[in-house]
Amino acid sequence: MTSVVERLQGDGPVFSIEFFPPRDTADEAVLWKSIRELEPLDPAYMSITYGAGGSSRDGTIRSIARVATETTLVPMAHLTAVNHSVAELRNVIGWYAAVGVRNILALRGDPPGDVYGDWVPHPNGLNYAEELVELVRSLGDFCVGVSAFPYGHPRSANLEADTEYLVRKLRAGADFAIAQLFFEPEDFLRLRDRVAATGCEALVIPGIMPLTTLRTLHTSIKLSGAPAPRRLLDRLEPLADDPKAFRAAGIDAVTELCERLIAEGVPDLHFYTFNRSKATREVVSRLGLVPARA
Ligand SMILES: Cc1cc2nc3c(=O)[nH]c(=O)nc-3n(C[C@H](O)[C@H](O)[C@H](O)COP(=O)(O)OP(=O)(O)OC[C@H]3O[C@@H](n4cnc5c(N)ncnc54)[C@H](O)[C@@H]3O)c2cc1C
C-alpha cells in the first residue's frame, strides 16, 4: 500500500480529499457517490475523520476498509486519543493495518460535547498527539500525519508555544502536517515559515474548503479560529441572497487562494469536502490538477 509521502514526491502539486464517516445509510450513499466522482481525478490520497462532531468511530473503520479494498484511492485514517485507553488505540491501529491502511493522521481530539471544555485524558490513555504519533510509529511501518493551526491552536498560549509543540510531534515521527482552515495565503505561509525556521523539514499541507454558501463561510470562520478578512467578507456577504452568485464568487476566491499556494510551492492541497464532490472537482479542474482523461 502506497504511503502519503510517496504520493507527494512527484514534480507538481497534487490534491487530496477529506470526508467524515456516514451516520446512516442515506449519508453513506452520499459519501460513496462523492468518492466515486472524485476517484477518476486521481487525488493523491483520501482521508476519513474519526469521531469528530459525534460521528461514528466504527463508521471510520468500516468506510476506510471499504476504500482500501474497493477503490484505487490511497486511504488515510484519522485517529484521536479521546476516551481511548492505550490498549484500545492499539486495537484500532491494528484494525487499520489489517484492512490495508498504512497512513494515519494522529490527533489528540477535543473533549466530547464541548470542544472548549476541559481536556480530561482517559486514565489509561494519552495526553497529546505527540504520544499518539509515537504509539502509531511503534506499531508498524505507518506513514503518520498530524494537525497544524495557522492561527495557533485555540488552547495554545501563543504562536511560539504552538510552533514548539507542533514541531515536537513532527520530530516524534510524523512525516507531515495538515493545516486547519485559513483565509489568506500568508496566514498559511507564515505557519510553514515558523516550522522551517526551527530546522524541521516535514511537509506542511494547506487545508482548503470551497466557499460555496454563507454556511461554509461561517464554518470556515469557526474552524479556523480567526475572523475572516474584511476583503473576503466584502466580496461574499453582499451576495448572501443570491446563492448562485455567492457560489461563483466563493469558488473564484478559493481558486485564487490555491493558485497563490501553488506558486509558493505547496506539495498538496487538502480539500475538506464535507462529503460533497462538486465544488472540489470544479476547483481542482480549474487549477489543472486533474489527469487529462478525467
Ligand atoms: C487536518 C485536521 C484534521 C482533524 N481531524 C479530526 C478528526 O478526525 N477527529 C477529531 O475529533 N478532530 C479532528 N481534528 C481536530 C483536532 O482533533 C482538534 O483541533 C484538537 O483540539 C487538537 O488536536 P491535536 O492533534 O492538534 O492536539 P495536540 O497536538 O495534542 O495539541 C493540543 C494542544 O496542546 C498543546 N500541546 C501539545 N503537546 C503539548 C505538550 N507536550 N505540553 C503542553 N502542551 C502541549 C498544543 O500546542 C495544543 O494547544 C482535526 C484537525 C485538523 C487540523
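Residues numbered from 1 in each chain as written. Predicted model: local features only at pLDDT ≥ 70, side-chain atom pairs only at ≥ 80, totals over all residues.

- Within an unreviewed UniProt entry, the label attached to the chain reads Methylenetetrahydrofolate reductase, and the organism entered is Amycolatopsis alba DSM 44262.
- According to its UniProt record, the chain has this under Sequence similarities (unreviewed entry): "Belongs to the methylenetetrahydrofolate reductase family."
- UniProt lists a comment for the chain under the heading Cofactor (unreviewed entry), and it reads "FAD". (UniProt positions renumbered as here; feature names shortened; annotations may be inferred.)

1. Brief notes about the overall build of the chain
- Tallying secondary structure elements over the chain gives 11 helices and nine strands in all.
- Taken against the 2.2 N^0.38 rule, which gives 19 Å for 294 residues, the C-alpha radius of gyration of the chain at 18 Å falls within 12% of a compact globule.
- The dimensions of the chain, computed from C-alpha atoms along their principal axes, are 50 × 45 × 40 Å.
- Within the span of the chain, comprising 294 residues, buried residues form 44% of the whole. (Helix = DSSP H or I, 4+ residues; strand = E, 2+ residues; numbered from the N terminus. Rg over C-alpha atoms; globule rule 2.2 N^0.38 Å. Buried ≥ 20, exposed ≤ 12 C-beta atoms within 10 Å, placed from the backbone.)

2. Topic: the sheet that holds strand β1 (residues 14-19)
- Strands sit in the order β7-β6-β5-β4-β3-β2-β1-β9-β8 across an open sheet of nine strands; the sheet is parallel. Of all the strands in the sheet, the pair left with one neighbour each is β7 (203-205) and β8 (207-208).
- Pairing between β1 and strand β2 (residues 46-48): three bridges, direction parallel. When the bridges of β2 are listed, F19 appears paired with I48. (Pairing = 2+ DSSP bridges.)

3. Concerning the site of the ligand
- Taken together, 25 residues lie near the ligand, and T49, H78, R108, A129 and S147 sit nearest.
- Among the secondary structure elements, those contributing two or more residues to the shell around the ligand are β3 (75-80), β4 (103-107), α5 (129-138) and α6 (159-171).
- The greatest single-element share of the shell around the ligand, amounting to four residues, is contributed by α6.
- Residues of the shell around the ligand, tallied by class, amount to nine nonpolar, 10 polar and six charged. (Near = placed C-beta within 6 Å. Nonpolar A, V, L, I, M, F, W, Y, C, P; charged D, E, K, R; others polar.)

4. Quick notes on the pairing of strand β5 (residues 143-148)
- Burial of β5 is extensive: six of the six residues sit out of reach of the surface.
- With burial as the criterion, each face of β5 is covered, one bearing C143, G145 and S147 and the other bearing V144, V146 and A148.
- Relative to β5, β4 is paired through three bridges, and the arrangement is parallel. Counted as the bridge partner of L105 is G145 from β5.
- As a crossover connection, the stretch from β4 through α5 into β5 is right-handed. (Right-handed = clockwise from strand over helix to strand, strands pointing away.)

5. Notes on the environment of K278
- Inspection of the secondary structure assignment puts K278 in helix α11 (residues 278-286).
- For the pair K278 and S34, spaced 244 residues apart in the sequence, the C-alpha separation amounts to 8.0 Å.

6. Observations concerning helix α7 (residues 185-197)
- Look at α7: 18 Å from first C-alpha to last across 13 residues, which is about the 18 Å you get at 1.5 Å a residue.
- Within the span of α7, buried status applies to F188, L191, R192, R194 and V195. The arc that holds the buried residues of α7, viewed along the axis, is 155°, so those residues lie on one side. α7 presents D193, A196 and A197 as exposed residues on the side facing more than 90 degrees away from its buried surface.
- Buried residues in α7 make contact with β5, α6, β6 (176-179), β7 and α10 (243-263).
- In the stretch just after α7, G199 is the one whose phi turns positive, near 90°. (Expected span 1.5 Å × (residues − 1). Arc of directions from axis to C-beta. Contact = placed C-beta atoms within 7 Å.)

7. Topic: the pairing of β4
- For β4, the buried fraction is high: five of the five residues fall into the buried class.
- Where β3 lies against β4, five bridges are found, and the strand directions are parallel. Residue pairing across strands places L79 opposite A106, the latter belonging to β4.
- Traced from β3 through helix α4 (residues 86-98) to β4, the parallel crossover comes out right-handed.

8. Thoughts on helix α2 (residues 25-38)
- Taking 1.5 Å of rise per residue, 14 residues should cover 20 Å, and α2 covers 20 Å from first to last C-alpha, within 8% of that figure.
- All buried positions along α2 are accounted for by L31, S34, I35 and L38. Buried positions in α2, seen along its axis, are confined to an arc of 100° and lie on one side of it. Along α2, exposed side chains directed more than 90 degrees from the buried face belong to T25, A26, A29 and R36.

9. Side note on unusual backbone geometry
- The phi torsion at N83 lies on the positive side, around 55°, for a residue other than glycine.
- Classification of N83 by C-beta neighbours within 10 Å gives partly exposed; the count is 15.

10. Some words on the environment of C143
- Looking at the element boundaries, C143 is found in strand β5.
- Residues C143 and P121 lie 22 residues apart in sequence; the distance between their C-alpha atoms is 25 Å.
- Ignoring any residue separated from it by four or fewer positions in sequence, one finds C143 in contact with S3, V4, V5, R102, N103 and D175.

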